[in-house]
Each structure stands twice: as structure tokens, then as C-alpha cells.
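# Notes for the structure review
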Amino acid sequence: MSATATPRVYCTYFDSGYLSRGLTLISSLREQGDDSPVYVLALDDAAALYLAEHAPENVFVLRIEELEKAEPELLLLKAQRSRMEYYFTCTPLLMRYVMNKQNIPGGMSIYLDGDLFFFDNPQLVIDAMEDSSVGIIEHRYPDSLAEKLSKYGRFNVGWVGFRDDLHGRKVLDWYSEQTLEWCSDKPTNGKYADQGYLNWFPEFTGVKILSSAGFNLAPWNVKRHHIAETETALGAKKVTVDNQPLVFFHFHGLRKVGNRFATGELTYGARLSKTLRHRVYQPYVNMLNTIEKATSPLLSTESSVKKRGTGITGVISRARKSALNAVSIASGNSVRPK
């Protein structure tokens, strides 16, 4: 990170089942020249033990018990919420924890989903905030999906940034209070987990909606954007989204099936274009596969990863995913690592 870049700390969370994706995210930050501290909330013992021994430089592991100690109200909710709801509750609390830990007035505390990957300088996102205190990014659903998917919120929680100032703190504290009060993963009255609350952020002072199409490109919005490979003035080739540089992609819905990775495009009525396949998905799955092969032998057997969904609901959900995987592979919406 350059000397003039905004001081920032990133935070994310994942369990051992998502470890390789989280490490791939961190590797992409480093490849783009961002060596900022990254705090990882390890959601099971296997992930915590691996990171304690093998974490990359300037990556710090945080156990859930440490966050519960810093946020006593959180622990009281553990028996009342599902595993995923409990994790969603942690999102703003984790950002507040690392902001307090860093204690850099004017610095940034940024949450990243574990399945993001940076293709360009992360500073570009912060630059787009200008002097704002909070940055959020819309889902940018295509018109054909907007009404159906609106229940999940106007904004995506994959990248959310807070500046350590009066307005940033005010929004972050409000956000933390809301997830502690309610954080169901079933959309209800405009709310949805940790994500729906972002709908109310624009009502606060200092919040900016980051509008670049190159921020948080994802399977749910690729259909509405023009994605191309362009050549820079220096002769390098880069992916652009509506003529803006692709800064980061959200690999939501990517599933490993045998020796291939089925993408999430079909879920949203989209398909893999040539540029998406070769310049976005291929480099990601190549790195992800390499990291997965390197980490798997070193993971302890103390994983607590469990299948989401129980009973008949879980069975139906997994059957649908299996069918979607088969269709994705048969229709060319999958990528094999090289």
C-alpha cells in the first residue's frame, strides 16, 4: 500500500470449509499491492488452528470467544439464533472491534465477504468514497430480477466500509444495535439478516453509494453490464465493466463439483461470456484450487463445518443444488482449474 493511501483494516470471517476462499481473497489483496492488516474471525477450531500456524503476514486470527467478550450481548443470543444468523449478527460487531483495535482516526474499517477477489487496486474503492464516512454498493439487479430479489435488500453486504469519524461511528453503532436486536435469514418487513439494514444507511449523514460498475460485479448483475477485455495505454490487458475497470468480483454461488467449479450465473438467468470465463473465473479458480490443495493436508480434523439446512428442507435444498450443478456443467457454465 502506498504511503498516500488511506489507512485501513480489513475484516472477514469464514470456517475451515471456506478457508481456501478466504485465503484466495487475501492473496488477491496482496497481489494488488494492498498490505493492510486483515482480521479473520475464525468460525471453527480448524480454521483458527490453521491460521495460528500458517497465516500470511499481517493477517490476524480472532476467535469467536474474543468477539463475544468484547460484545457481551452477542453471547446471550447464541442459543436463540441459528448458526448462520449468529454469524450474520457478528458482521458490524467485527467491524467495530477492529476499528477500536486499530484506533486510527480517519482510517477505514472494511468488511469483505470471503468469496471476493480483487483484479485491481482496492484503493480505487476508497477513493470513490471521497470524504464520505460510509460506503455501500448496490446489488444492481437486472430489471427482470429486481422485484423478485428486492426482499434481500437494495445493497450487498459483500463490501461495506466505515471511516473512524463521528458519522462513521454513528452508523456503525446503529448497525450493530440492529443486528443484535434482529438478524433472521428469512426476509421480513424489508429486513434481511445483516444485509437488509443497509437499506436505511442513506438516511444517515456521510453515507455514499459507490456507483462504479467495476465494484462488486457478481452473478446477479453481470446480465445488465457490458463486460469486455480492453488494452491500457501501456499495453496491458484489463477487464472493464461498462468501460470502467473491474476492481473486484463477488464469486457468489461458485460450487466445486468433482474437478470443475460450477458458477452461479444460471441462478440469475445469466451465462458465462468468453471474457468472464477466461479473464475472471479462470484466474480465480486456478488460485483457489492451488490454495485448496496446499491447505487441505494441513487442516486439523477439528472442523465444525455442517451442512446448512436440516430435515426435509435441507434435503430439498441439496437436491436443487445438485440439479443446478448438473445443468451448469452441461450448459458450459463451469470452469476447470488449470
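Overview of the structure. Quick caveat, the model's predicted, so the values are computed rather than measured.

## A word on the side chain of Asp120
Residue position: Asp120 is located in the loop between strand 5 (116-118) and helix 6 (123-129). By relative accessible area, which is 10% here, Asp120 ends up buried. Among the polar contacts listed, one links the side chain of Asp120 to the side chain of Lys238, at a separation of 3.0 Å. Aside from chain neighbours lying at most four places away, what touches Asp120 is Gln32, Lys238, Pro245, Leu246 and Val247.

## A short note on the pattern of salt bridges
This structure, assessed with the given rule, holds 11 salt bridges. As a salt-bridge pair, Arg63 and Asp45 come within 3.0 Å of each other at their nearest N and O atoms. You can see Arg63 sitting in strand 3 (residues 59-63) and its partner Asp45 sitting in helix 2 (residues 45-54), a full 18 residues away along the chain. On the basis of relative accessible area, Arg63 is assigned to the partly exposed category, the value being 29%. Classification of Asp45 by relative accessible area gives partly exposed; the value is 36%. Lys256 is the partner of Glu292 in a salt bridge, and the nearest nitrogen-oxygen pair spans 2.7 Å. Pair noted here: Glu292 is in helix 9 (residues 274-295) and Lys256 is in strand 14 (residues 255-257), with a separation of 36 residues, a long-range link. In this structure Lys256 comes out as partly exposed when scored by relative accessible area, which is 40%. Bridged by salt links that share partners, the residues Glu71, Arg96 and Asp173 form one connected network.

## Digging into the sheet that holds strand 16 (residues 334-335)
The three strands lie next to each other as 14-15-16, forming an open sheet whose pairing is antiparallel. Strands with a single pairing partner mark the edges of an open sheet, and in this sheet they are strand 14 and strand 16. Alignment of strand 15 (residues 260-262) against strand 16, held across two bridges, turns out to be antiparallel. Paired with Phe261 across the bridge in strand 16 is Val335.

## Regarding the packing of aromatic side chains
What characterises a pair of aromatic rings is the spacing of the ring centres plus the angle enclosed by the ring planes. A complete count under the given rule lists 18 aromatic pairs for this structure. Centre to centre, the rings of Trp174 and Tyr197 are 6.1 Å apart; their planes meet at 90 degrees, and the pair counts as edge-to-face. One end of the pair, Trp174, is in helix 8 (residues 166-181); the other, Tyr197, is in the loop between helix 8 and strand 8 (207-209), with 23 residues separating them in the sequence. In this structure, Trp174 and Tyr197 share a single accessibility class: buried. On the numbers, 6.3 Å between centres and 70 degrees between planes, the contact of Trp174 with Phe201 is edge-to-face.

## Here's the deal with the pairing of strand 10 (residues 227-231)
Sheet topology places strand 10 next to strand 11 (residues 237-241); five bridges connect them, and they run antiparallel. In the sheet register, Glu229 faces strand 11, and the bridge partner there is Val239. Here strand 10 folds back onto strand 11 in antiparallel fashion, the turn holding five residues, of which Gly235 has a positive phi close to 90 degrees.

What counts and what doesn't
Residues numbered from 1 in each chain as written. Predicted model: local features only at pLDDT ≥ 70, side-chain atom pairs only at ≥ 80, totals over all residues. Heavy atoms only, no water. Helix = DSSP H or I, 4+ residues; strand = E, 2+ residues; numbered from the N terminus. Buried < 20%, exposed > 50% of the residue type's maximum accessible area, 1.4 Å probe, protein only. Polar contact = N/O pair within 3.5 Å; in protein donor to acceptor, adjacent residues only side chain to side chain. Contact = heavy atoms within 4.5 Å. Salt bridge = Lys/Arg side-chain N within 4 Å of Asp/Glu carboxyl O. Pairing = 2+ DSSP bridges. Phe/Tyr/Trp six-rings, centres within 6.5 Å; stacked < 30°, edge-to-face > 60°.

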